[in-house]
Amino acid sequence: MGEWVVFGIGSLLTLLGGLGVVSSRHPVHAALFLVQTLFGVAVLFVAQEAHFLAAVQVIVYAGAVVVIFLFVIMLIGVDKTEDIAFEPLRGQRPVAAIVALLGVVELIALISLQKGFGGVSPKVYEGTNVEQVSTAVFTDYLFAFEITSVLLVIAVIGAVVLARRPSLSSTSRTTLTGV
Amino acid sequence: MIDLVWLIPALPLLGFSLLLLTGKRIGEPVAGYIATAMTGGSFLLALGVFFDLLSRDGEERQVTVKLFDWLKVGQLDVKVAALVDPLAITMVLFVTGIGTLIHLYAIGYMHGDARFSRFFTYLNLFIFSMLCLVLADNFVLMFLGWEGVGACSYLLISFWFEKESAASAGKKAFVTNRVGDFGLMVGMFIMFNGAGSLTYLGVFKVADAGGFTRNAATAAALMLFLGACGKSAQLPLYVWLPDAMEGPTPVSALIHAATMVTAGVYLMMRCFPLLLVADPIVFTIIAWVGGLTALFAATIAVAQDDIKKILAYSTISQLGYMFLAIGMHANAAAAFHMITHAFFKALMFLGAGSVIHGMHDEQDVKRMGNLRKWMPITFFTYLAGWLAIAGVPPLSGFWSKDEILLSAYEGGGLGVTGAKVLWVVGLLTALLTAYYMSRQVFLVFFGKERFLHSVGSGFAPMHAEADTAADEHHANGPVTPHESPWQMTVPLIVLAGLAVVGGAMNLPFTKSLERLAVWLEPSVGTHEFVSSGSTKFVLAIIATACGLVGIFVARMFWLQRPLDANLALEPALLKRAYGVDALYSNIFEKSGYALANLVATVFDGKLIEGVVNGTGSLVKLVGGNARKAQTGFVRNYALVIAAGAVALLTYALVRTL
Amino acid sequence: MLFATTAPNPKAYLIVAAVLFCIGAGGLLMRRNVIVMFMCVELMLNAANLTFVTLARIMGDIRGQAVVFFTMVVAAAEVVVGLGIIVSIFRSRRAVSAEDASLLKG
């Protein structure tokens, strides 16, 4: 019973937040709705006893990613509202709607019809959820862990290079903007 | 000795290769002597083989000497092998013998020509091809030689190809021959279909055993005869031979008098066993075609002015006689006439060449006269040829022509329809032959001198400035004729001797004197003449009388009367040979051109171009429309990716359902 | 089926994730503002994460959650770089609309 309640609240938060992101005219509103969605997903994680991930979700996603979104929105002044009604590409919107709807229906059907989940023999780790996750990450997937840390470094460097203002001296005209 | 028979064609082939590679460097006259030596060597070898064959008995005189396997495909098994039998060796003997004499003659005739060694290269190649033709033991190798002589004929006729008429004549010869070759090939196909083999012995064995249906044998025989008509210039494929006189005179003598044109006769004689199992109408057809051609050509020769054209039509006429004999089953008679004709016709062609050479390239008989004073050797030898062809006994021509007329007279007994009519046709032809040959002799060698200035035009051979003796006579005044050098007169003398005594080969009096017929029997079968001795005698008298009448009439008109009075004897119709060439040109050239035009404009222009261009247009159309998918907008592409993903989902869904 | 037991059928979570994914896909295709399109991508990533966690629970294998851990890291890095690109593009033009880059037009 308890899980049903949690599931219900989490799902509602998530789905309504998703709809909000998609249909907001103002990007800042969309960002806020995104926060709602991320929070809902964190709730669903908790309901499934993935405590560690719920925490990481809130900290990283809702806490860092959305913040960077808002920073960028503010930074480049994309506060003009987009004209939702106008679609310059012919046929894009109806076809996209059909595609999305079809996708939903088929996925639900596939999931419902699925008989059983199997094929992988589970490896059991000891301890609480946090201990289990950390054991898995730091023993079986250590290499991937290291690689992702390298990836983060690369991302940081990339962001710094990309966002650098072009130098004001006339001699170097390297265009990083490129377009 | 018989094992070395492959050397006989090998020597001219060697000569050809040698002259092809080094001829220009060797130059005149050594190139000519090399070629002559090669042919002469072949002749000596042929003599050796002949004597070897002679030393054997009748039945053993048919030897197959194999060289190597050539084509082995499925049922077809063709070897390069020689069938050495009396007929083959006879042909080889006179081809190489007369060939050697003509090679020698050509050294003198082609003196000063810019392409002297090239000429001998072609001549040796021709001898090689002809030897392949007659020595082959199967139709395929024979066909190789057949085509080879056709090609050499083309090369040699258009030897002076700078002259438009010579080049056209070469083409005409080749194309007309092709029509005949088509017949020969179809005949070969039919024979292969029925016999499963293409060797003579294989096919004839099947024929004798009744392996061919009558229709197949008839069809094959007629097709082979078509081939023979093409090569031996019978109606209606004779039109190339008069034009072939554009080639140098040694070519005319060798190819168009003595050897190549006899290939058709040889073929028919070879295939006698096949003709026997065909419908008898084949023989009738052969006889009538031969007889009519003989008469037809003789009528044209009556009105010709060019010394070589007269001889050309005469050749066609005499070949007609040979086919007449074959039609009457008298193969030995045909072979006899073939040999004697080779002697006297080659002699006369070479004599004509000597006259042309001595008259500085004048070829019109109306502009000659009294040459017996200027060129005595040529005159005396020419006399021998003239009397021989006119059928005056006891020269060789009399015996051979008489044999043929006798076979025509008796032909009715063998089932040939209208044989007696053909006999009359033969007599008429003999009369005309004697007439026009006498006309030629009287105009050329007797009477008043009617020389003009030297001819430097049209049909002159490409003489370099080497004719020193004649140079003084060029500038002014009429031509002064001169006798020819020894290279040219010696062959004339030899051939004249043969023309006179050649009759001794096959005298009809007793069996033992019919040496040629007896000798050839294993190859071509026998033909017993049923007439009594007195009938033969009477027929001979009649034939000789016709000849003498012809000579007498010619003498009356051409020796004793001024030339202008005789215009009625040379009607324009005969002068232009009944307009046959123009007729062929109209029929074939116009329709051929129209057809070619049709194909070029409609088929090629519209259909094929349409398909090709249409393919291009189609591609452009499809591409142009397909391009519209590339909108350039990333969102469209993203949409398509999503749609694709959904499609995969649909597939997965359908699978699980 | 879904309300049969006291605990929700795990498939319910999967369905929620699927719906969220499709909402994100639809938004990605229909919006023109690139920032919002990016947010829709985040929605889709989260839906995938949710699926992984659910399956980890169904099969009793914690390694599903380890995957989610890495996915989050990569998603974060991706957001950083993507927004960096957007910022640098915006430097040269004032509008940030997706159909401006149509140089791929055929």
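These lines cover the structure that appears in this document, whether it is placed above or below. Being a predicted model, the structure only gives us computed values, none of them experimental.

About the criteria used
- Sequence order sets the numbering: in each chain, residues are counted from 1 along the sequence as written.
- Throughout, the order in which chains and ligands are written sets their labels, letters from A for the former and numbers from 1 for the latter.
- Residue-level local features of this predicted model are given only where pLDDT is at least 70; pairs of side-chain atoms are given and counted only at 80 or more, and the full residue set underlies all totals for whole chains, interfaces and linings.
- To obtain the side-chain values, all non-hydrogen atoms of the structure were included, while hydrogens and water were left out.
- Only one rule defines a salt bridge in this text: a Lys or Arg side-chain nitrogen within 4 Å of an Asp or Glu carboxyl oxygen.
- Exposed residues in this analysis have more than 50% of their type's maximum accessible area, buried residues have under 20%, and partly exposed residues fall in between, with area computed by a 1.4 Å probe over protein chains only.
- Put simply, DSSP H or I for four residues or longer makes a helix, DSSP E for two residues or longer makes a strand, and each gets a number counted from the N terminus.
- To estimate how far a helix should reach, multiply one less than its number of residues by 1.5 Å.
- Bend is computed residue by residue as the angle between axes fitted to the seven residues ending at the residue and the seven residues starting at it.
- For this analysis, a polar contact is any N or O atom pair within 3.5 Å, provided that within protein one partner can donate a hydrogen and the other can accept it, and provided that sequence-adjacent residues contribute only side-chain to side-chain pairs.
- Using a grid of 1 Å spacing that covers the protein atoms alone, one calls a set of points a cavity when a 1.4 Å probe fits there but cannot get out, and a pocket when the set is open and has protein on both sides within 12 Å along at least five of seven lines; lining residues are those with an atom within 4 Å of a point.
- Grid points are joined across faces, edges and corners, and a volume is the space filled by probe spheres set on the points.
- Three categories are distinguished: nonpolar for Ala, Val, Leu, Ile, Met, Phe, Trp, Tyr, Cys and Pro, charged for Asp, Glu, Lys and Arg, and polar for the others, with Gly belonging to the last.
- What makes two residues a contact is simply this: any of their non-hydrogen atoms within 4.5 Å.
- Buried area: the sum, over both parts, of the accessible surface (1.4 Å probe) that disappears when the two are put together.

1. Focus: the pattern of salt bridges
All names here are of chain B.
Next, step 1: Tallied over the full model, the rule gives 15 salt bridges over all chains.
Next, step 2: With a shortest N-O distance of 3.6 Å, R56 and D52 are connected by a salt bridge.
Next, step 3: A residue is classified by how much of its surface remains accessible, and D52, at 18% relative accessible area, is buried.
Next, step 4: Two residues, E246 and K163, come together in a salt bridge whose shortest N-O distance is 3.1 Å. Separated by 83 residues along the polypeptide, E246 in the loop between α9 (240-243) and α10 (249-258) and K163 in the loop between α5 (139-157) and α6 (164-195) bring together distant segments of the chain.
Next, step 5: Taken together, the shared-partner salt bridges in this structure form one network comprising K66, D69, K72, D77 and K79.

2. Brief notes about helix α3 (residues 51-75) of chain A
Residues and elements named next belong to chain A.
Next, step 1: The first and last C-alpha atoms of α3 sit 34 Å apart over 25 residues, in line with the 36 Å expected at 1.5 Å per residue.
Next, step 2: At Q57, α3 is bent by approximately 25°, the largest bend along its length.
Next, step 3: Those residues of α3 that fall on the buried side of the exposure criterion are L53, A54, V56, Q57, Y61, V65, V66, F69, V72 and I73.

3. Quick notes on the side chain of Q92 of chain A
Next, step 1: Here Q92 of chain A is to be found in helix α4 (residues 92-113).
Next, step 2: Reaching out from Q92 of chain A, the side chain makes a polar contact with the backbone oxygen of R635 of chain B at a distance of 3.2 Å.
Next, step 3: In terms of polar contacts, Q92 of chain A uses its side chain to reach the backbone carbonyl oxygen of L29 of chain C, at 3.1 Å.

4. Here we look at the layout of surface pockets
Residue and element names in this part refer to chain B.
Next, step 1: As a volume, the second largest pocket reaches approximately 530 Å³.
Next, step 2: Lining the second largest pocket are 22 residues, and of these F50, L93, I339, F343 and M505 sit closest to its centre.
Next, step 3: Contributions of two or more residues to the lining of the second largest pocket are made by α2 (30-54), α3 (86-109), α15 (331-358), α21 (486-501) and α22 (515-524).
Next, step 4: Looking at the lining of the second largest pocket element by element, the count peaks at seven residues for α3.
Next, step 5: A class-by-class count of the residues in the lining of the second largest pocket yields 18 nonpolar, three polar and one charged.

5. Points about the interface of chain A and chain C
Next, step 1: Each side of the interface is counted separately: chain A has 85 residues, and chain C has 71 residues.
Next, step 2: Taking both partners together, chain A and chain C bury about 7,300 Å²; carbon and sulfur atoms supply 75% of that area.
Next, step 3: Among the residues chain A hides against chain C, the three largest losses belong to W4, Q48 and Y61 of chain A. Together they make up 10% of the total.
Next, step 4: Seen at the junction of chain A and chain C, the total is one salt bridge.
Next, step 5: The partner of R57 of chain C in a salt bridge is E3 of chain A, and the shortest N-O contact between them spans 3.0 Å.
Next, step 6: At the surface where chain A touches chain C, the tally comes to 13 residue pairs in polar contact (both at pLDDT 80 or more).
Next, step 7: Listed by contribution, the elements that provide at least two residues to the side of chain A that touches chain C are α1 (2-23), α2 (27-47), α3, α4, α5 (129-140) and α6 (142-163) of chain A.
Next, step 8: Taken together, the residues that form the side of chain A that touches chain C break down as 57 nonpolar, 18 polar and 10 charged.

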